[in-house]
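The lines below spell out each chain.
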Amino acid sequence: MGEIPILQIGPLLLVTIQTELHDRLAEQLQEDILQRVRETEAEGVLIDITALEMVDSFISRVLSETAQMVKVMGARMVLVGLQPEVTMALLELGLKLTGIETQLDIDSGIRRLGYHLAAVDEEVPGLPGAGERGHGTG
Amino acid sequence: MERVDIHSEEDIVRARQCARDLSLSLGFSLVDKTRIATATSELARNIFKYAREGRMEAEEIRDEQGRRGLRLAFIDTGPGIPDIEQAMDEGFSSADGLGQGLPGSKRLMDEFHIESAVGEGTRVEVIKWLK
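Values in this document were obtained by computation on a predicted structure and should not be read as measured data.

A look at the sheet that holds strand E2 (residues 54-62) of chain B
Residues and elements named next belong to chain B. Across the sheet, five strands lie side by side as E1-E2-E3-E5-E4; this open sheet has antiparallel pairing. Each edge of the open sheet carries a strand with a single partner, namely strand E1 (2-6) and strand E4 (111-117). Across the sheet, the axes of successive neighbouring strands diverge by a mean angle of 15°, strand direction being ignored. Relative to strand E5 (residues 121-129), strand E3 (residues 68-76) runs antiparallel, the two sharing eight bridges. Bridging across to E5, Arg71 finds its partner in Ile127. On top of the sheet, helix H1 (residues 9-26) reaches E1, E2 and E3; it is set at about 165° to E1, its chief contact. Packing of helix H2 (residues 30-51) onto the sheet brings it into contact with E1, E2, E3 and E5, and relative to E3 it is tilted by some 10°.

Notes on the pairing of strand E4 (residues 76-80) of chain A
All names here are of chain A. Across the five residues that make up E4, a large majority, four, are buried. Strand direction decides the pairing type here: strand E3 (residues 44-48) and E4, joined by five bridges, are parallel. Across the sheet, the residue bridging to Val45 is Met77, located in E4. Of the crossover connections in this fold, the one passing from E3 over helix H2 (residues 57-72) to the parallel E4 is right-handed. For E4 and strand E5 (residues 101-103), the ladder comprises three bridges, and the chain directions are parallel. Bridge pairing in E5 places Leu79 opposite Thr102. A crossover links E4 with its parallel partner E5, the connecting element being helix H3 (residues 84-93), and its sense is right-handed.

A word on the interface of chain B and chain A
Interfaces are frequently sized by the accessible area removed from exposure as the parts join. If you look at the interface, chain B gives 23 residues, while chain A gives 20 residues. For the pairing of chain B and chain A, the buried interface totals around 2,100 Å² over both sides, and the portion due to carbon and sulfur atoms is 49%. Ranking the residues of chain B by area buried against chain A places B:Glu9, B:Arg16 and B:Arg45 at the top, with a combined share of 24%. Here chain B is connected to chain A by ten salt bridges. Between A:Glu53 and B:Arg16 there is a salt bridge; the shortest N-O distance is 3.9 Å. At the surface where chain B touches chain A, the tally comes to 13 residue pairs in polar contact (both at pLDDT 80 or more). When residues of the side of chain B that touches chain A are traced back to their parent elements, those giving at least two are H1, H2 and helix H4 (101-108) of chain B. For the side of chain B that touches chain A, the element with the highest residue contribution is H2(B), accounting for nine residues. Classifying every residue of the side of chain B that touches chain A gives seven nonpolar, seven polar and nine charged.

Regarding the sheet that holds E5(A)
Residue and element names in this part refer to chain A. Here we have five strands laid out as an open sheet, ordered E1-E2-E3-E4-E5, and mixed in their pairing. Because the sheet does not close on itself, it has two edges, and the strands there are strand E1 (6-9) and E5. Between one strand axis and the next, the sheet turns through 25° on average, direction left out of account. Here helix H1 (residues 23-40) sits on the sheet and contacts E1, strand E2 (12-16) and E3; the angle it forms with E1, its principal contact strand, is near 25°. Where H2 meets the sheet, its contacts fall on E3 and E4, and the angle it forms with E4 comes to roughly 150°.

Re the packing of H2(B) against H4(B)
All names here are of chain B. Where H2 meets H4, the axes come as close as 9 Å, and the angle between the chain directions of the two elements is 155°. Relative to H4, the element H2 lies roughly antiparallel. Crossing handedness for the pair H2 and H4: left-handed. On the side of H2, the interface is formed by Arg35, Thr38, Ala39, Glu42, Leu43 and Asn46, while H4 contributes Gly101, Leu102, Ser105 and Leu108. Residues that form the contact of H2 with H4 fall into these classes: four nonpolar, four polar and two charged.

Thoughts on the pairing of E2(B)
All names here are of chain B. Where E1 and E2 come together, five bridges link them in antiparallel fashion. Looking at E2, one finds that Val4 is bridged to Met56. With nine bridges joining them, E2 and E3 adopt antiparallel strand pairing. Residue pairing across strands places Ala58 opposite Leu72, the latter belonging to E3. Where E2 folds back on E3, the antiparallel hairpin that results is connected by five residues, among which Gly66 adopts a positive phi of roughly 85°.

Definitions and cut-offs
- Here the residue numbers are simple positions, counted from 1 along each chain's written sequence.
- For this description, chains carry letters from A and ligands carry numbers from 1, given in the order in which they are written.
- Restriction of local features to residues with pLDDT of at least 70 applies here, the model being predicted, together with a cutoff of 80 or more for giving and counting side-chain atom pairs; totals for whole chains, interfaces and linings are based on all residues.
- Derived side-chain values reflect all non-hydrogen atoms in the structure, with water molecules and hydrogen atoms excluded from consideration.
- Any two strands with at least two DSSP-identified bridges between them are counted as paired.
- Helix numbers and strand numbers start at the N terminus; a helix is a DSSP run of H or I with at least 4 residues, a strand a run of E with at least 2.
- Here, axes are lines fitted to C-alpha atoms. For helices the fit covers the stretch in contact, and angles between N-to-C directions go from 0 to 180 degrees.
- Any two residues whose heavy atoms approach within 4.5 Å are treated as being in contact.
- Relative accessibility decides the category of a residue: with a 1.4 Å probe and only protein chains considered, values under 20% of the type maximum give buried, values over 50% give exposed, and everything between is partly exposed.
- When the strands point away from the viewer, a crossover counts as right-handed if the route from the first strand across the helix to the second turns clockwise.
- In this description, buried area is defined as the sum, over both parts, of the accessible area (probe of 1.4 Å) that is lost when the two are combined.
- Between Lys or Arg on one side and Asp or Glu on the other, a salt bridge is scored when a side-chain nitrogen of the former is within 4 Å of a carboxyl oxygen of the latter.
- Side-chain atoms alone can form a polar contact between residues adjacent in sequence; in general such a contact is a pair of N or O atoms within 3.5 Å, and within protein one must be able to donate a hydrogen while the other accepts it.
- For this classification, the nonpolar set comprises Ala, Val, Leu, Ile, Met, Phe, Trp, Tyr, Cys and Pro, the charged set comprises Asp, Glu, Lys and Arg, and every other residue, Gly included, is treated as polar.
- Throughout, the term roughly parallel applies to angles under 35 degrees, roughly antiparallel to angles over 145, roughly perpendicular to angles from 65 to 115, and oblique to all others.
- If you view the pair so one helix is near and one far, a crossing is left-handed when the near helix is turned anticlockwise from the far one by less than a right angle, and right-handed when it is turned clockwise.

Scope: geometric values only; no functional claims are made or implied.
If you want it as structure tokens, here you go:
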């Protein structure tokens, strides 16, 4: 496994890229995502690139390929967190993120994949009730 | 002048960081910093991909009006580009899907100069001026 964590949230996988992506790391991440989709039988993969300072042709190609591979495996990938300046530079470079579904943020990405965060009704041991807490996963 | 030698994938990241640090100290806008970082990544990768090794030279410059800018030169002694016109053509793409690097970098920067000789190498120079 590479150094970018892949978190499982129910039927979804969440990947938040917080580190500078060099080529090998991007390829390793692609492999890890496919492996985790297989292991967890995930329905969707959310890739959050809020922290990426730029997306070049290499990263764009790896992301497009990953989306395609995830689709072939029967799941869906949604890319979230594209910053305005990153988007501008990406399009000026001539890239179109072909075949990649995008959403503004993690929340809308989760909804795009058919889920949403909801409070649980029943008491959870050790946690305050749904009314006091206001939100939760469900 | 800053110099980054390029002979591995990690050096592409190093070139990007160097360009980012310089554009930060020059006071470029967030959008221009991102354009510079993106173009640097493409041009540094071209060196690694096609010439295996080379270097980036980065420096602050001024024109006759005193306007400040960042000049980045990407220099290699690799195989050279036989047909620059074709390499600059938007529709032209090599087998592995790369090929957007040169025309794309030209769009991202304010000035773009390329010289290449087969068997001798390639020099790409780009400039971004401070607005």
